[in-house]
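# Observations on the model geometry
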Amino acid sequence: MNTDLNITEIFYSLQGEAREVGLPTVFIRLTGCPLRCSYCDTEYAFKGNNLMSIDNIIQEVQRYKTQYVCVTGGEPLAQINCHTLLDALVKAHYLVSLETSGSIDISEVNPGVSIVMDVKTPSSNESDQNKYDNIAKLAQKDQLKFVIGSRQDYDWSVKLLNQYPTAAGVLFSPVFGQITPAELADWIIQDQLNVRLQVQMHKLLWGDEKGK
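Below or above, wherever it landed, is the structure these notes cover. Note that this is a predicted model, so its numbers are computed, not measured.

### Thoughts on the overall build of the chain
A count of helices and strands for the chain gives five helices and nine strands. In sequence order, the secondary structure elements of the chain are arranged as β-β-β-α-β-α-β-β-β-α-β-α-β-α. Relative to its length of 212 residues, the chain is compact, with a C-alpha radius of gyration of 17 Å against a globular reference of 17 Å. Its C-alpha atoms give the chain principal-axis dimensions of about 50 × 35 × 30 Å. Within the chain, the fraction of its 212 residues that count as buried is 51%. Sequence-distant contacts, at least 24 apart, represent 68% of the contacts inside the chain between residues at least 6 apart. For the chain, the exposed surface amounts to about 10,200 Å²; the carbon and sulfur share of it is 48%. Of the charged side chains in the chain, 18 are positive and 25 negative, and the gap between their average positions amounts to 3 Å.

### Here's the deal with the packing of helix H1 (residues 54–61) against helix H2 (residues 82–91)
Across the interface, H1 lies against H2 with an axial gap of 11 Å and an inter-helix angle of 45°. As summarised for this structure, H1 and H2 are arranged oblique, according to the angle between their axes. In terms of crossing hand, the pair formed by H1 and H2 is right-handed. Listed contacts from H2 to Ile54, Ile57 and Ile58 of H1 are Thr84, Leu85, Ala88 and Leu89. Its residues assigned to classes, the contact of H1 with H2 comprises six nonpolar, one polar and no charged.

### Here we look at the pairing of strand E1 (residues 4–14)
Here E1 runs beside strand E3 (residues 51–53); their pairing, made up of three bridges, is antiparallel. Residue pairing in the sheet places Asp4 in a bridge with Ser53 of E3. Relative to strand E2 (residues 24–30), E1 runs antiparallel, the two sharing seven bridges. Within E2, the residue paired with Ser13 across the bridge is Thr25.

### Digging into the environment of Asp153
One can find Asp153 in helix H3 (residues 151–163). For the pair Asp153 and Pro122, spaced 31 residues apart in the sequence, the C-alpha separation amounts to 6.0 Å. The contacts of Asp153, once residues within four sequence positions are left out, are Thr121, Pro122, Ser123, Val147 and Ile148.

### Description of the pairing of strand E5 (residues 95–100)
Among the six residues in E5, five count as buried, and that is most of the element. Looking at chain direction, strand E4 (residues 68–72) and E5 are connected through four bridges and run parallel. Looking across to E5, one finds that Cys70 is bridged to Ser97. A crossover connection joins E4 to the parallel E5 through H2; in handedness this β-α-β unit is right-handed.

### Re the nonpolar core
Ranked by size, the top nonpolar core spans 46 residues in total, and within it Ile28, Ile57, Val71, Leu85, Leu89, Phe146 and Phe172 carry the most contacts. If you tally residues by element for this core, the top one is H2, at five residues. One finds Leu35, Cys37, Tyr39 and Val147 within the second-largest nonpolar core, a separate group that totals seven residues.

### Considerations on unusual backbone geometry
Here the bond from Gly73 into Gly74 is cis, since omega is 15°, no more than 30 degrees from zero. By the element assignment, Gly74 lies in the loop between E4 and H2. One non-glycine residue, Ala18, lies in the positive phi region at around 65°. One can find Ala18 in the loop between E1 and E2. The backbone of His93 shows a phi angle near 70°, a positive value even though the residue is not glycine.

Conventions we followed
- Residues numbered from 1 in each chain as written.
- Predicted model: local features only at pLDDT ≥ 70, side-chain atom pairs only at ≥ 80, totals over all residues.
- Heavy atoms only, no water.
- Helix = DSSP H or I, 4+ residues; strand = E, 2+ residues; numbered from the N terminus.
- Rg over C-alpha atoms; globule rule 2.2 N^0.38 Å.
- Buried < 20%, exposed > 50% of the residue type's maximum accessible area, 1.4 Å probe, protein only.
- Contact = heavy atoms within 4.5 Å.
- Areas by Shrake-Rupley, 256 points an atom, 1.4 Å probe, with all protein chains shown as cover.
- Lys, Arg positive; Asp, Glu negative; His and termini not counted.
- Charge placed at Lys NZ, Arg CZ, Asp CG, Glu CD.
- Axes fitted to C-alpha atoms, helices over the stretch in contact; angles between N-to-C directions.
- Parallel < 35°, antiparallel > 145°, perpendicular 65-115°, else oblique.
- Left-handed = near helix turned anticlockwise from the far one by under 90°.
- Nonpolar A, V, L, I, M, F, W, Y, C, P; charged D, E, K, R; others polar.
- Pairing = 2+ DSSP bridges.
- Right-handed = clockwise from strand over helix to strand, strands pointing away.
- Core = buried A, V, L, I, M, F, W, Y, C linked by side-chain atoms within 4.5 Å.

So this is what it looks like as structure tokens:
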């Protein structure tokens, strides 16, 4: 297999988000993203030229003693060969998650992959890029994430959930440094909202250090 992808970094750390939070995980960060979210914390992944074959990517992943692999970005699905990488990882019996913005169709994602899909809230300045028909394509194994930067974002997200019911687990995550986890927790409790509060554990441990 000699299909190439543009890779920003491959690193081993603890998963800081979603259902697998706290588990040792290999992260494969693909280069490039069509969006420019106001709160983006991985702008260094927007550009680069580091082509790797899928065989070499798998060899790098095999260096680490974990079954958990997270394919992230940027926006990984912006590279069409991302699907081939996901297929290869599933075939190699890894437990694979995909972090995607939801601005690109997810229909062709390998069904063995757990999708963690962002819905872009108003404060991202990219909410007009959301593909809302993706929400109905999420299954129980998947997760739908709202990154909340304000009360306006929160109210918008609650309204959207009522409009687009989902089988996926729902995550509400505060924008680091804009609202506190306690504020968001209070809103969720007051509204008896059936969502999971998510804080970015890796930022609590290491701040904004690259490759963590």
